[in-house]
Amino acid sequence: MNADQLLARNLLSALANGGIQPFFQPIVSLDDGRVLGLEVLARWHDPVQGYISPDRFIPIADRFGLLDRLLDQLMRTSFLAAADWPHNIFFGFNVSPTQLRNSELATRIAKAAIDCAFPLSRVHIEVTESGFIDDLTQPRRTLDRLINLGCMIAMDDFGTGYSSLTWLSSLPFSKLKIDASFVMAMHEHRQSRKIVAAVVGLGHSLGLAVVAEGVETAEQADLLRGMGCKLAQGYLFGRPTSASLVPEVLSTLVSSADDAASSVPMSLELRAHRVSDACESDAAIAFMDPAGTVVASSTAFDRTMEVHRGEAAGRHIWELIGVTPETFAEIRATDLLDEQFPAIEETTASGSTARIFIRPVKDESSELLGYSVEFGEPTNPKAS
Ligand code: C2E
Ligand code: CA
Ligand code: CA
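Please read these numbers as outputs of a predicted model, since none were measured by experiment.

**Some thoughts on the overall build of the protein**
For step 1, the next point in the chain: A count of helical and extended segments in the protein gives 14 helices and 15 strands.
For step 2, the next point in the chain: Across the 384 residues of the protein, 51% fall into the buried class.
For step 3, the next point in the chain: Taking contacts inside the protein between residues at least 6 apart in sequence as the whole, the part at least 24 apart equals 62%.

Right under this line is the structure:
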């Protein structure tokens, strides 16, 4: 048995004995230092060998097909721990490109979240480019399924692979993480500074949220702010820590006004009631779930769409107005940047131009419930 096989065997028993634990590192808003999410990083402390770095065991786990099991454990442990933490933060999980080739991955992730009653809208999936996958058909299918379940997809370590731009344009990412090596070199190399500025601009022009990784100094944070980068992660804001220390990290980084943990969750019944309240109004408004299916619509909305009353519900919004499934990824990314998605202009069947506003609808702890679709002006002369 060679060293890698031995490591794989030890890893397998560590997985069986709870020897692998999730650690959590904050991802913060550069504007105000608020923690928006936590990246989940695997930690293995072997009783004999001591700390084993993920850089050593993750590639082995990948080669021996152990990453799905690892992800499942990290997710379940994180979801259960998160019950006591603020309900408005997302969790970033690392998924290897090999895992995306497995058609069962999305189902496994959904099952872990449902079993732990954790909303999939708070699950972000970080994927690192791998030059070895030439056929992106199944990876794209897996990511589309995850998006339909409400997850958000991030491209990790941007700029380190062979074909970052091909990946970026072929897969449905809504977040881009700039690799730490560029951020760390910013102060010494003007080239790196230019690369980071260009990547921030590229990301934003594609409607993506951009996170700078490996931020260790206040100077780096200042430079990034100056470039318009909104999100960051690194030792400056917090090192990866065990679950037991997360509340302390959050209390030092989150201002108490934003801490939604203490608010009482609204019941599903009350939410549905509020939605139907809005639907009785004269406004052309609809409400859709995170996957873009209309769940409720006002009479005026159905009239504007020229469908019979109640027939908009159950349809995907892209069957009704001129948006694509990708638009949701963009809307969510803009929301993460605390910006509003621009109005969508559309020519209605009656020939007039409508301005349609799609806005995230969140509960009191900022959890995404779905989206509202609202017509800015009366589009059908008969409706006004
Ligand atoms: P990554 O996804 O790019 O994660 C960020 C890495 O940078 C982490 O290393 C983190 O501890 C480190 N880091 C964060 N801020 C700073 C900083 O300011 N300075 C420096 N020098 N480092 C910083 P870690 O935990 O050793 O993980 C290494 C890599 O292993 C990760 O890189 C990720 O690709 C992989 N990995 C870790 N956990 C998992 C996992 O559960 N599944 C998979 N598939 N991969 C994982
Ligand atoms: Ca990552
Ligand atoms: Ca990274």
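**Observations concerning the coordination of the calcium ion (ligand 2)**
For step 1, the next point in the chain: At 2.2 to 2.4 Å from the calcium ion (ligand 2) lie its protein donor atoms, namely Glu39 (OE), Asn94 (OD1), Glu126 (OE) and Asp156 (OD).
For step 2, the next point in the chain: Here the calcium ion (ligand 3) and the calcium ion (ligand 2) are spaced 4.0 Å from one another, each receiving a donor from Asp156. Highlighted residues: Asn94 in strand β4 (residues 90-95) and Asp156 in strand β6 (residues 152-158), separated in sequence by 62 residues.

**A look at the coordination of the calcium ion (ligand 3)**
For step 1, the next point in the chain: Taken together, the protein donors to the calcium ion (ligand 3) comprise Asp156 (OD), Asp157 (OD), Glu213 (OE) and Glu213 (OE), at separations of 2.2 to 2.6 Å.
For step 2, the next point in the chain: The motif formed by the donor residues of the calcium ion (ligand 3), counted along the single chain, is D-D-x55-E.
For step 3, the next point in the chain: Here Asp157 falls in the partly exposed class, since its relative accessible area comes to 24%.

**Remarks on the sheet that holds strand β13 (residues 344-347)**
For step 1, the next point in the chain: Taken together, five strands build an open sheet; the order of strands is β12-β11-β15-β14-β13 and the sheet is antiparallel. The open sheet terminates on both sides in strands that have one partner only, identified here as β12 (294-297) and β13. The mean angle between the axes of side-by-side strands here comes to 25°, regardless of whether they run parallel or antiparallel.
For step 2, the next point in the chain: As paired elements, strand β14 (residues 353-362) and strand β15 (residues 368-375) share seven bridges and run antiparallel to each other.

**Details of unusual backbone geometry**
For step 1, the next point in the chain: Its identity as a non-glycine residue notwithstanding, Asp157 has a phi of 50°, on the positive side.
For step 2, the next point in the chain: By the secondary structure assignment, Asp157 is in strand β6.
For step 3, the next point in the chain: Non-glycine residue Glu306 carries a positive phi angle of around 55°.
For step 4, the next point in the chain: For Glu306, the position within the fold is in the loop between α13 (299-304) and α14 (325-336).

**Quick look at the nonpolar core**
For step 1, the next point in the chain: Residues Phe91 and Leu224 are the most contacted members of the largest nonpolar core, which totals 78 residues.
For step 2, the next point in the chain: In terms of residues, this core owes the most to one element, helix α3 (residues 67-81), which gives seven residues.
For step 3, the next point in the chain: If we ignore the near neighbours within four places in the chain, the residues touching Leu224 are Leu30, Val183, Met186, Val196, Ala212, Val215 and Cys229.
For step 4, the next point in the chain: Grouped together as the second largest cluster of nonpolar side chains are 24 residues, Val307, Ile317, Phe328 and Ala354 included.

**Section: the site of ligand 1**
For step 1, the next point in the chain: For ligand 1, the set of nearby residues contains 21 residues, the closest of which are Gln25, Arg43, Leu74, Glu216 and Tyr235.
For step 2, the next point in the chain: Tyr235 is positioned with one of its backbone polar atoms (N or O) 2.8 Å from an oxygen atom of ligand 1.
For step 3, the next point in the chain: Isolated, ligand 1 exposes 790 Å² of accessible area, and the fraction of that covered by the protein chains is 81%.
For step 4, the next point in the chain: Every element with two or more residues in the shell around ligand 1 is listed here: β2 (35-46), α2 (54-63), α3 and β6.
For step 5, the next point in the chain: The element contributing the most residues to the shell around ligand 1 is β2, with four residues.

**Quick word on helix α1 (residues 3-16)**
For step 1, the next point in the chain: Look at α1: 20 Å from first C-alpha to last across 14 residues, which is about the 20 Å you get at 1.5 Å a residue.
For step 2, the next point in the chain: Those residues of α1 not exposed but buried are Leu7, Ala8, Leu11, Ala14 and Leu15. Summarising the axial view, the buried residues of α1 lie within an arc of 120°, below the 170-degree limit, and thus occupy one face.
For step 3, the next point in the chain: Buried-residue contacts for α1 involve β1 (20-29), β2, β3 (50-52), α2 and α3.
For step 4, the next point in the chain: A side-chain oxygen of the first residue of α1 lies 3.1 Å from the backbone nitrogen of Asp4; this N-cap is Asn2.
For step 5, the next point in the chain: Gly18, located one to two residues past α1, shows a positive phi value of around 70°.

**So, the pattern of salt bridges**
Side chains bearing opposite charge may pair, as long as their charged atoms lie close to each other.
For step 1, the next point in the chain: All told, the structure shown has twelve salt bridges when counted by the stated rule.
For step 2, the next point in the chain: The closest approach of N and O atoms between Arg34 and Asp32, which form a salt bridge, is 3.2 Å.
For step 3, the next point in the chain: Residue Arg34 is classed as partly exposed on the basis of its relative accessible area of 21%.
For step 4, the next point in the chain: Close ionic contact of Glu345 with Arg355 constitutes a salt bridge, the shortest N to O distance being 3.2 Å.

**Here we look at the side chain of His124**
For step 1, the next point in the chain: Tracing the backbone through its elements, the reader meets His124 in strand β5 (residues 123-128).
For step 2, the next point in the chain: Classification of His124 as buried rests on a relative accessible area of 3%.
For step 3, the next point in the chain: Filtering out sequence-adjacent residues up to four positions away, His124 remains in contact with Phe90, Phe91, Gly92, Phe93, Met152, Lys175 and Leu336.

**Quick look at the environment of Val95**
For step 1, the next point in the chain: Residue position: Val95 is located in strand β4.
For step 2, the next point in the chain: Look at Val95 and you get buried, because its relative accessible area is 3%.
For step 3, the next point in the chain: Between the C-alpha atoms of Val95 and Thr128, which are 33 residues apart in sequence, the distance is 7.6 Å.
For step 4, the next point in the chain: Contacts of Val95, omitting those with residues within four sequence positions, involve Leu71, Leu100, Leu105, Ile125, Glu126, Val127 and Thr128.

Cut-offs applied
- Residues numbered from 1 in each chain as written.
- Chains lettered and ligands numbered in written order.
- Predicted model: local features only at pLDDT ≥ 70, side-chain atom pairs only at ≥ 80, totals over all residues.
- Heavy atoms only, no water.
- Helix = DSSP H or I, 4+ residues; strand = E, 2+ residues; numbered from the N terminus.
- Buried < 20%, exposed > 50% of the residue type's maximum accessible area, 1.4 Å probe, protein only.
- Contact = heavy atoms within 4.5 Å.
- Donors = N, O, S within 2.8 Å, 3.2 Å for Na, K, Ca; no water.
- Pairing = 2+ DSSP bridges.
- Axes fitted to C-alpha atoms, helices over the stretch in contact; angles between N-to-C directions.
- Core = buried A, V, L, I, M, F, W, Y, C linked by side-chain atoms within 4.5 Å.
- Near = heavy atom within 4 Å.
- Polar contact = N/O pair within 3.5 Å; in protein donor to acceptor, adjacent residues only side chain to side chain.
- Areas by Shrake-Rupley, 256 points an atom, 1.4 Å probe, with all protein chains shown as cover.
- Expected span 1.5 Å × (residues − 1).
- Arc of directions from axis to C-beta.
- Salt bridge = Lys/Arg side-chain N within 4 Å of Asp/Glu carboxyl O.

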